[in-house]
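Spelled out from the first residue to the last, the chains are:
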Number of protein chains: 2
Amino acid sequence: MDNFRYCTPTRYVFGRGAEMEAGTQLLANGMDSVLMVYGGGSAERSGLLARVREKLHEAGIRFEELGGIEPNPTDGPVRRGIEMMRRGGLHALLAVGGGSAIDTAKAIALGVPYEGDFWDFFAGRATPQKALPVGVVLTIPAAGSEGSGNCVITLEEGLHKISLRTDEVLRPRFALLNPELTMTLPPCQTAAGIADMMAHIMERYFTPTPDCEVTDRLAEGLLKAIIEEATKAMSRPDDYEARANIMWAGTLAHNGICGTGRREDWTSHAMEHEISAVYGVTHGAGLAVVFPAWMTFMAMRSPGKIAQFGRRVFDVNDPDDTSAALEGIGRLKAFYTSIGLPVSFAALGVEHPDIDLLVAKLHENKGEEIGGYLRLRADDTREIYTLADF
Amino acid sequence: MDNFRYCTPTRYVFGRGAEMEAGTQLLANGMDSVLMVYGGGSAERSGLLARVREKLHEAGIRFEELGGIEPNPTDGPVRRGIEMMRRGGLHALLAVGGGSAIDTAKAIALGVPYEGDFWDFFAGRATPQKALPVGVVLTIPAAGSEGSGNCVITLEEGLHKISLRTDEVLRPRFALLNPELTMTLPPCQTAAGIADMMAHIMERYFTPTPDCEVTDRLAEGLLKAIIEEATKAMSRPDDYEARANIMWAGTLAHNGICGTGRREDWTSHAMEHEISAVYGVTHGAGLAVVFPAWMTFMAMRSPGKIAQFGRRVFDVNDPDDTSAALEGIGRLKAFYTSIGLPVSFAALGVEHPDIDLLVAKLHENKGEEIGGYLRLRADDTREIYTLADF
């Protein structure tokens, strides 16, 4: 185990009706002038936004709204939000939605008190020191941003999708998690969210750090739970218990607990970010394509942890590491397929991926060598993208 | 899953040399006048206290010391500490040690700003609203108090050992966790700590709340990891990796993560508190005696979750719930025995336990009915104490 620091001060309110505490939680955290950031259609149609607005009015909170945030959120709305908050003298944010709304809110929270351009933080030209407080009403369990200090934004010019990680500055003050709000998600979005949260665990699980039995077991346990509950939620979308387990798993997958004491990997995420930046695919669906390809590459070179995954998560019973690893990958792909996820570029709707472009952008954004489990250069990542093409 | 609230703001610094941050962490938390609370001999002899004092001096922190805290800490030192802090105008606490030092510090932290007698909180006559900030340098992984909002103190008069639970008021501001400090623990203390942390998980695991797959899997994973690492640490006390895994598991066992979304039980703890209050035995050793007896009682009445424990934690392969449960209990007792723990009153050194007295005190302190998994009355708890006598 490596030395580590860990602090997760986010206050979680979990269960039926959690969103009704939006006003009281904002007030309890001294957040009385707010920019409310959200996606669009479904939260409005379902009446969720109306309920939240009512709670904000009841609490006497002054607020403005920034709606219409799209998946794979970009810098444009972030800049508009920063401008709105400065002009309106607003001092806090409330995101209502999934990762896109939350990450847009986080980027605005960083940008408002910063004199330069907010993209400086994403381009590595500045280090986050402070941010306005952010609260969350979660509607899509997937990104895990409600409990993380991370934030992913795409720069429209050049389609650079960059993930910014902070220890604490960007962790939300509170997150209201009502599993009922996730019952109306379309099946493809439920499935993509499941692939996303599984990837958040696996990026931490596939580590070069030895002797992480505690976090290994936590990760394996979460993965087993997600796989079991996902199957239930896909067949019965209104199964509250399945939705509740998946929602909480999505938060724990990314609040850092599975990464304590070890180096993490994050190659598959970086590789997927290029795919979704270029082809506009759903992040989770892209991960279902890239991650098994990455694992297959590793199974041929350093199968140990991939084999452990197969044995402990999918109960593979094979004494040989490489075959146990490959069998585990096969079962993972079968699981993804069973919930309607693609496991190849073609199934993702990308018939002829421009692998050279993806590799070039990946290393332009991330450097010549990437990854934790093994360090990878362009030849390696090209091989992984190619494996994902079949 | 039940609705829940969850917030763990404690900042963990984990790894070699973590105690060297005592001064900087106190300052970072605005804790510049401190009562340092500790046990005694070993922390002084090992040089730990000297290192911590030096760091406090370097940081310019004004501090006084309250040493000599004994296992199963009592109200006497708490009262002395309250008096010292009021007289000295001290505003924060630093506990150096295990659960006894930490819980004494927490009780003092509650008592100083309270006008009445601090025992009011333990007697249920007052509800904790505020406390002075507490920091921790952990030396014994067992109680989990470094990450919990709980505190256990024994009233010397009448030997009432009472556990006080708070959501956040008593959670330490920071905890410095250096696994190296645990290498010199005597084997019996290492083993008792392991039984204690396993019990903290199992009290949350054995729940009447259905459909808690995520927390079930987390709990089972932690238990498996502890069992594996315990065997290593017992045979090689200076195995850093085993010590590190056990230390982190001890914190996660009790910071509440395994209890999210469900009712907990805590009968075994309550029953053990009476044993250690009356006979002065080590809490963890007492738990190794009581918990299997409690599980045996349950295996005959409501075996479902006990059987799941056997199958998932100890890989029992038996389709019948009652036999799977009993086989799991057998393997748990074999594990306890393998690391030198007692599994009966006699092995605990209590040849003829006064079971009537234990039952009477238990229900006097906890009420006529106790427990979560099944509700238990005096006839039931008498049967469990009797099962523990063999």
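Residues numbered from 1 in each chain as written. Chains lettered and ligands numbered in written order. Predicted model: local features only at pLDDT ≥ 70, side-chain atom pairs only at ≥ 80, totals over all residues. Heavy atoms only, no water.

### Overview of the packing of aromatic side chains
The line we're drawing: The aromatic pairing rule takes the rings of Phe, Tyr and Trp, using the six-membered ring of Trp, and pairs them if the centres are within 6.5 Å, calling planes under 30 degrees apart stacked, those over 60 edge-to-face and the rest tilted. Going along the chain from the N terminus, every DSSP run of H or I of four or more residues is numbered as a helix, and every run of E of two or more is numbered as a strand. For every residue, the accessible area (1.4 Å probe, protein chains only) is compared with the maximum for its type, and the residue is labelled buried under 20%, exposed over 50%, or partly exposed between those bounds. In this scheme, the term charge over a ring applies when either NZ of a lysine or CZ of an arginine sits within 6 Å of the ring centre and within 35 degrees of the ring normal.
This structure, assessed with the given rule, holds 40 aromatic pairs over all chains. Aromatic side chains Tyr 205 of chain A and Phe 206 of chain A sit 5.2 Å apart centroid to centroid with 75 degrees between the ring planes, which places their arrangement in the edge-to-face category. Note on Phe 291 of chain B and Trp 294 of chain B: the rings are 5.6 Å apart at their centroids and 80 degrees apart in plane angle, and the pair reads as edge-to-face. Remark: Trp 294 of chain B and Phe 291 of chain B occur in helix H11 (residues 283-299); sequence separation between them is three residues, near one turn of the helix. Residue class for Phe 291 of chain B comes out buried when judged on its relative accessible area of 1%. Taken together, Tyr 205, Phe 206, Phe 291, Trp 294, Phe 309, Phe 314 and Tyr 373 of chain A form an aromatic cluster joined through their ring pairs. Between the NZ or CZ atom of Arg 301 of chain A and the centre of the ring of Phe 297 of chain A, over which it lies, the distance is 3.7 Å. Across from the ring centre of Tyr 240 of chain B, 3.6 Å away, lies the NZ or CZ of Arg 16 of chain B, which sits over that ring.

### What about the environment of Val 289 of chain B?
Residues and elements named next belong to chain B. Applicable threshold: In this analysis, two residues are considered to be in contact whenever any of their non-hydrogen atoms come within 4.5 Å of each other.
Of note, Val 289 is situated in helix H11. C-alpha separation for the pair Val 289 and Thr 184, spaced 105 residues apart in sequence, amounts to 25 Å. With residues near it in sequence (within four places) discarded, Val 289 still touches Pro 342, Val 343, Ser 344, Phe 345, Leu 348 and Ala 388.

### Comments concerning the UniProt feature "domain: Fe-containing alcohol dehydrogenase-like C-terminal" (unreviewed entry) in chain A
The cut-off we apply is this: UniProt positions are given in the numbering used here, feature names are shortened, and annotations may be inferred rather than shown by experiment.
According to UniProt, the positions carrying the feature "domain: Fe-containing alcohol dehydrogenase-like C-terminal" (unreviewed entry) are residues 190-363 of chain A. Secondary structure within residues 190-363 of chain A divides into 71% helix and 0% strand; the distance between the first and last C-alpha atoms comes to 31 Å.

### A closer look at the domain arrangement of chain A
Residue and element names in this part refer to chain A. Rules: All the domain ranges listed were derived from an automatic or database domain assignment. By definition, the buried area sums, over both parts, the 1.4 Å-probe accessible area that each loses when the two are put together. One speaks of a salt bridge when a side-chain nitrogen belonging to Lys or Arg is within 4 Å of a carboxyl oxygen belonging to Asp or Glu.
Splitting chain A by domain gives domain 1 (11-181) and domain 2 (185-387). In this structure, domain 1 and domain 2 have C-alpha centres spaced 26 Å apart. Of the residues lining the interface, 30 residues belong to domain 1; the matching set on domain 2 comes to 30 residues. Counting the surface lost from both domain 1 and domain 2, the interface buries some 2,400 Å², and carbon and sulfur atoms represent 58% of this. Broken down residue by residue, the surface that domain 1 buries against domain 2 is led by Pro 141, Lys 161 and Pro 179, which jointly contribute 23%. Run the count over domain 1 and domain 2 and you get one salt bridge.

### Concerning the relation of the copies chain B and chain A
Let me state the cut-off plainly: C-alpha atoms of residues with pLDDT of at least 70 in both copies form the basis for the least-squares superposition of the copies.
Overlay of chain B on chain A (RMSD 0.0 Å): rotation 180 degrees, translation along the axis 0.0 Å. The superposition operator between the copies reduces to a two-fold rotation axis. Across chain B, the rotation axis passes nearest the C-alpha of Pro 9 of chain B, at a separation of 2.0 Å. When you check the interface residues of chain B against chain A, 100% turn up at the interface there too, and the contact is symmetric in its surfaces.

### Digging into the pairing of strand S6 (residues 150-155) of chain B
All names here are of chain B. Keep this limit in mind: For two strands to be treated as a pair, DSSP must find no fewer than two bridges joining them.
Burial runs high along S6: six of the six residues are buried. With six bridges connecting them, S6 and strand S7 (residues 160-165) associate as antiparallel partners. Within S7, the residue paired with Cys 151 across the bridge is Leu 164. The turn joining S6 and S7, which pair antiparallel and follow one another in sequence, is formed by four residues; a positive phi near 90 degrees is taken by Gly 158.

### Some remarks on the side chain of Asn 245 of chain A
Secondary-structure assignment places Asn 245 of chain A in helix H9 (residues 240-252). Once you skip the residues sitting within four places of it in the chain, Asn 245 of chain A turns out to touch Glu 229 of chain A together with Met 1, Asp 211, Cys 212, Glu 213 and Val 214 of chain B.

### Considerations on unusual backbone geometry
Most peptide bonds take the trans form, and the phi angle of most residues other than glycine is negative. Of note, Asn 72 of chain A is a non-glycine position whose phi angle comes to about 50 degrees, a positive value. Here Asn 72 of chain A is to be found in the loop between strand S3 (62-66) and helix H4 (75-88).

### Section: the pattern of salt bridges
Residues and elements named next belong to chain A. One pass over the full model with this rule turns up 60 salt bridges over all chains. Put simply, Arg 236 and Asp 239 hold a salt bridge, and the shortest N to O gap is 3.6 Å. With a relative accessible area of 11%, Asp 239 lands in the buried category. Salt bridges sharing common partners tie together Glu 213, Arg 217, Glu 220 and Arg 312.

### Focus on the pairing of strand S4 (residues 92-97) of chain B
All names here are of chain B. The buried fraction of S4 amounts to six of the six residues, a majority that puts the element mostly inside the structure. Note that strand S2 (residues 33-38) and S4 share five bridges and pair parallel. Within the sheet, the bridge partner assigned to Val 34 lies in S4 and is Ala 92. In terms of strand pairing, S4 meets strand S5 (residues 134-138) through five bridges, oriented parallel. Of the residues in S5, the one forming a bridge with Leu 93 is Val 134.

### What to know about the nonpolar core
How we decide: Each nonpolar core is a collection of buried residues, namely Ala, Val, Leu, Ile, Met, Phe, Trp, Tyr and Cys, held together in the definition by side-chain atoms within 4.5 Å.
Core analysis: the biggest nonpolar cluster contains 235 residues, and Trp 248 of chain A together with Trp 248 of chain B have the highest contact counts within it. Setting aside residues up to four positions removed in sequence, Trp 248 of chain A forms contacts with Tyr 12, Phe 14 and Leu 177 of chain A together with Met 1, Phe 4, Tyr 6, Val 214, Ile 257 and Thr 260 of chain B.

### What about the packing of helix H15 (residues 355-366) of chain A against helix H16 (residues 378-387) of chain A?
Residue and element names in this part refer to chain A. Cut-off, in case you're wondering: The axes are straight lines fitted to the C-alpha atoms, using for helices just the contacting stretch, and the angles between their N-to-C directions are given from 0 to 180°. For classification purposes, angles smaller than 35 degrees are called roughly parallel, those larger than 145 roughly antiparallel, those between 65 and 115 roughly perpendicular, and all remaining angles oblique. By definition, any crossing whose near helix is turned counterclockwise from its far helix by less than a right angle is left-handed, and any crossing with a clockwise turn is right-handed. All residues other than Ala, Val, Leu, Ile, Met, Phe, Trp, Tyr, Cys, Pro, Asp, Glu, Lys and Arg, Gly among them, are scored as polar; the first ten of these are nonpolar and the last four charged.
At their nearest, the axes of H15 and H16 sit 10 Å apart, and the two run at 135 degrees to each other. Taken together, the axes of H15 and H16 are oblique relative to one another. Relative to H16, H15 is oriented so that their crossing is right-handed. Here H15 contributes Ile 355, Asp 356, Leu 358, Val 359, Leu 362 and His 363 to the contact with H16, which in turn contributes Ala 378, Thr 381, Arg 382, Tyr 385 and Thr 386. A per-class count over the contact of H15 with H16 returns six nonpolar, three polar and two charged.

### Focus on the interface of chain B and chain A
Here is the rule we go by: Within 3.5 Å is the distance limit for a polar contact, defined as a pair of N or O atoms, with the added protein rule that one can donate a hydrogen and the other accept it, and that residues adjacent in sequence qualify only through two side-chain atoms.
Counting residues at the interface gives 40 residues for chain B and 40 residues for chain A. For the pair chain B and chain A, the summed buried surface comes to about 3,700 Å²; carbon and sulfur atoms form 55% of the total. Applying the counting criterion to the chain B and chain A interface returns four salt bridges. Glu 168 of chain A serves as the salt-bridge partner of Arg 11 of chain B, at 2.5 Å between the closest nitrogen and oxygen. Across the chain B-chain A interface, the total number found is 21 residue pairs in polar contact (both at pLDDT 80 or more). Of all the elements in the fold, those that place two or more residues in the side of chain B that touches chain A are strand S1 (4-14), helix H8 (213-235) and helix H9 (240-254) of chain B. Here the element with the most residues in the side of chain B that touches chain A is S1 of chain B; it accounts for eleven residues. Classifying every residue of the side of chain B that touches chain A gives 20 nonpolar, eight polar and twelve charged. Two elements, strand S1 (residues 4-14) of chain A and S1 of chain B, share seven bridges in a ladder whose sense is antiparallel. Residue Tyr 12 of chain A lies in a different strand from S1 of chain B, and its bridge partner there is Tyr 6 of chain B.

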